[in-house]
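# Examining the three-dimensional arrangement
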Amino acid sequence: MKLILLGPPGAGKGTQAVRLVEHFGIPQISTGDILRKAVKDGTELGTLAKKYMDKGELVPDEVVIGIIRDRLMEPDCQKGYILDGFPRTIAQAEALDEMLEKMGARIDHVVNISVADEEIIKRLTGRRTCPNCGAGYHILFDPPKKDGICDKCGTKLIQRDDDKEETIRARLEVYRRQTEPLIKYYEAKQLLRTIPGEGSMEEIFNAILKALGE
Ligand code: AMP
């Protein structure tokens, strides 16, 4: 199963990808996670990416295309994968098509999780993560037992730099302008399945499985 998760930032792609990884036994490939790790590790890639990420802009196509090209060659991708946050531009989608063609493979489904802007802002401004163990929380929907402290390891929770309201508005704008055209791109290839992204995690997960014919 080769799957693309499409949708605005905060649509729940990452959360749903984790469930899909368990269900299908294939890896999640998140360009956002790969780039955040590079920033944390202070690599050359991280230094370059941070400049764009802090402003809510997209990292240049050739950089993320290179990351995906290397990642798809790894042995754990043989049976399939879930692409989360890639492609994000038409140029990335075309590069992906070209890579897959060379590998004799193709995408099976593109799941588009659709959520309104105001809901996204509410979701993302409340998002908190533990810098130590990676656990995720939400101040309204999934708060830790003790304010601002990780339930699992007691570390002080942080807000992702790009989850500040100003940056979120920039990311949404980028999404509408550069990523939303992919909906038509995959519709034309008859791969697109749109799921309403407002509901419980469970409801959305079941809707995705249904759309995939599971
Ligand atoms: P995400 O965690 O998917 O929301 O990604 C966080 C940030 O990483 C984005 O706002 C971009 O700056 C960068 N990024 C992640 N994936 C891509 C991509 N496919 N193309 C360009 N930039 C990306």
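Here, the structure is the one placed above.
These notes cover the structure that comes with them.

Cut-offs and rules
- Residues numbered from 1 in each chain as written.
- Predicted model: local features only at pLDDT ≥ 70, side-chain atom pairs only at ≥ 80, totals over all residues.
- Heavy atoms only, no water.
- Near = heavy atom within 4 Å.
- Polar contact = N/O pair within 3.5 Å; in protein donor to acceptor, adjacent residues only side chain to side chain.
- Areas by Shrake-Rupley, 256 points an atom, 1.4 Å probe, with all protein chains shown as cover.
- Helix = DSSP H or I, 4+ residues; strand = E, 2+ residues; numbered from the N terminus.
- Nonpolar A, V, L, I, M, F, W, Y, C, P; charged D, E, K, R; others polar.

Taken together, 16 residues are adjacent to the ligand, and T31, R36, E57, G85 and Q92 come closest. Between an oxygen atom of the ligand and a side-chain N or O atom of R36, the distance comes to 2.9 Å. Protein chains bury 96% of the 480 Å² of accessible surface belonging to the ligand in isolation. Here the element with the most residues in the shell around the ligand is helix 2 (residues 31–41); it accounts for four residues. For the shell around the ligand, the class distribution of residues is six nonpolar, four polar and six charged.

That bond from F86 to P87 is cis: its omega, -5 degrees, falls within 30 degrees of zero. Mapped onto the secondary structure, P87 falls in the loop between strand 3 (81–84) and helix 5 (90–103). In this structure, Q190 takes a positive phi of about 55 degrees despite not being glycine. Assignment of secondary structure puts Q190 in the loop between helix 8 (181–188) and strand 7 (192–196).

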